[in-house]
Amino acid sequence: MIRIILFLLTNLAVMLIFSLILNLTGIQSNNIYSLLIMSSLFGFSGSILSLILSKWIALRSVNGKIITHPRNEMENWLIDTIREQSIKKGIIMPQIAIYHAPDINAFATGARRNSALIAISTGLLENMTRHEAEAVIAHEISHISNGDMITMTLVQGVVNTFVIFISRVLSQIISSTISSNRNENNVEERNPFLYFLISTFLELIFGVLASIITMWFSRHREFYADASSAKLVGREKMISALNRLKTSHEPQESDSMIAFCIHGKSNSFLKLFASHPTLEKRIQALYKKEYM
């Protein structure tokens, strides 16, 4: 959940900064093909930069500490477990970080399969059994080996491209309609400040709405990561881990954004913005051996 939210927020921030630079420098295009190329360039730049910065941002957001030398038996077990699973999945062992938080949580991020990071909360280590923690770790290892962050970057790049493209086309139309001034050569002039306001507003709105696509992809990949974890450590361990997560979050689910994102529970439009399917659906998919 954390990696998805940080990725989307970073991507949105980069997009808005690029938009601001384009408007302040007066870089615009009236040619539809040039506009599409420019949109692609800046759209993919935003998602790629978000991916490159993902480890750095994630560590600082949760104040995680990378384990360089294990200090206790728990950290020894953690390193041995992740090393063993990495070998089975054919990837280089990711960096391991622990961060202090009461929530049972873990996430994986990184620009490449062989240069990734797994961050684990102290809440997970303290409240889950070794078998359950092993399954959660296998779930994150599966995200890495499946290349989910890379794929998400490509999906987000395509989404960004259309967000920029459509926003600027509509901005040109709206700003020209509102202030259609012509100079002495009878050439239509556009109010640059109005264009800036409209394009920035539309990119922000469309960017948020476009995250529905990214979140759909995130929910879809969770099922595959669960199934991959089940193959790696056993289906019962993964089901047990999900049940533990379900029990731990249900008491504060009504007022917890983290619970909302993990459970994906909602009866409203907000359900489309959940990064994870409901735990019930994930457990049901494992029982039915779907995605396996």
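Residues numbered from 1 in each chain as written. Predicted model: local features only at pLDDT ≥ 70, side-chain atom pairs only at ≥ 80, totals over all residues. Heavy atoms only, no water.

Draft legend 1. Here's a closer look at the pairing of strand β4 (residues 115-121). Within β4, six of the seven residues are buried, which leaves the element mostly enclosed by the surrounding structure. The pairing of strand β2 (residues 95-99) with β4 spans five bridges and is parallel. Among the inter-strand pairings, Q95 is bridged to a residue of β4, identified as L117. In the sheet, strand β3 (residues 106-112) pairs with β4 via five bridges, with the strands oriented antiparallel. For A108, the partnering residue across the bridge sits in β4 and is I118. Linkage of β3 to β4, two consecutive antiparallel strands, is achieved through a turn of two residues. (Buried < 20%, exposed > 50% of the residue type's maximum accessible area, 1.4 Å probe, protein only. Helix = DSSP H or I, 4+ residues; strand = E, 2+ residues; numbered from the N terminus. Pairing = 2+ DSSP bridges.)

Draft legend 2. Spotlight on the side chain of S39. Tracing the backbone through its elements, the reader meets S39 in helix α2 (residues 32-52). At 3.4 Å, the side chain of S39 and the backbone nitrogen of F165 are in polar contact. (Polar contact = N/O pair within 3.5 Å; in protein donor to acceptor, adjacent residues only side chain to side chain.)

Draft legend 3. Molecular detail of the packing of aromatic side chains. Applying the stated criterion to the full structure yields three aromatic pairs. On the numbers, 6.1 Å between centres and 45° between planes, the contact of Y99 with F107 is tilted. For Y99, a relative accessible area of 4% puts it in the buried group. Between F223 and Y291 the ring centres are 4.9 Å apart and the planes differ by 5°, which places this aromatic pair in the stacked class. Here Y291 lies in the segment after α11 (279-287) and F223 lies in helix α8 (residues 192-233), a separation of 68 residues in the sequence. Overall, the relative accessible area of 14% leaves F223 in the buried class. (Phe/Tyr/Trp six-rings, centres within 6.5 Å; stacked < 30°, edge-to-face > 60°.)

Draft legend 4. Inspection of helix α3 (residues 54-62) at higher detail. Taken residue by residue, α3 has S54, K55, I57, A58, L59 and V62 as its buried positions. Backbone geometry just after α3 places N63 at a positive phi near 55°.

Draft legend 5. Molecular detail of the environment of Y291. For Y291, a relative accessible area of 31% gives the class partly exposed. As for Y291 and A227, which are separated by 64 residues in sequence, their C-alpha atoms are 6.1 Å apart. For Y291, the contacting residues outside a window of four places in its chain are H220, F223, Y224, A227 and A285. (Contact = heavy atoms within 4.5 Å.)

Draft legend 6. Molecular detail of the UniProt feature "binding site: Zn(2+)" (unreviewed entry) in the protein chain. Using the residue numbers shown here, the UniProt feature "binding site: Zn(2+)" (unreviewed entry) corresponds to H139, H143 and E222. These annotated residues cover 84 residues of sequence, and their C-alpha atoms lie no more than 8.5 Å from one another, placing them together at a single site. We classify H143 as buried; its relative accessible area is 5%. Among the secondary structure elements, E222 is positioned in helix α8. Residue E222 is classed as buried on the basis of its relative accessible area, which comes to 1%. Polar contacts involving the side chain of E222 include one to the side chain of H139, which spans 2.8 Å. (UniProt positions renumbered as here; feature names shortened; annotations may be inferred.)

Draft legend 7. Just the pattern of salt bridges, in detail. In total, this model carries eleven salt bridges according to the counting rule given. The shortest N-O distance in the salt bridge between E132 and R244 comes to 2.9 Å. Of the two residues, E132 sits in helix α6 (residues 130-145) while R244 sits in helix α9 (residues 235-249), which places them 112 residues apart along the sequence. Taking the relative accessible area as the measure of exposure, E132 reaches 5% and is therefore buried. Judged by its relative accessible area of 33%, R244 falls in the partly exposed class. Overlapping salt bridges bring together E222, D226 and R282 as one network. (Salt bridge = Lys/Arg side-chain N within 4 Å of Asp/Glu carboxyl O.)

Draft legend 8. Examining the side chain of S54 more closely. By the element assignment, S54 lies in helix α3. Residues contacting S54, with those up to four places away along its chain left out, are T109, G110 and A111.

Draft legend 9. Summary view of unusual backbone geometry. One non-glycine residue, N63, lies in positive phi territory at about 55°. Mapped onto the elements, N63 comes out in the loop between α3 and β1 (65-66). Positive phi values are uncommon outside glycine, yet K289 reaches one of about 60°. With respect to the helices and strands, the residue K289 is situated in the segment after α11.

Draft legend 10. Quick peek at the environment of A13. Relative to the assigned elements, A13 resides in helix α1 (residues 2-25). When the C-alpha atoms of A13 and L204 are compared, they prove to be 9.4 Å apart, with 191 residues separating the residues in sequence.

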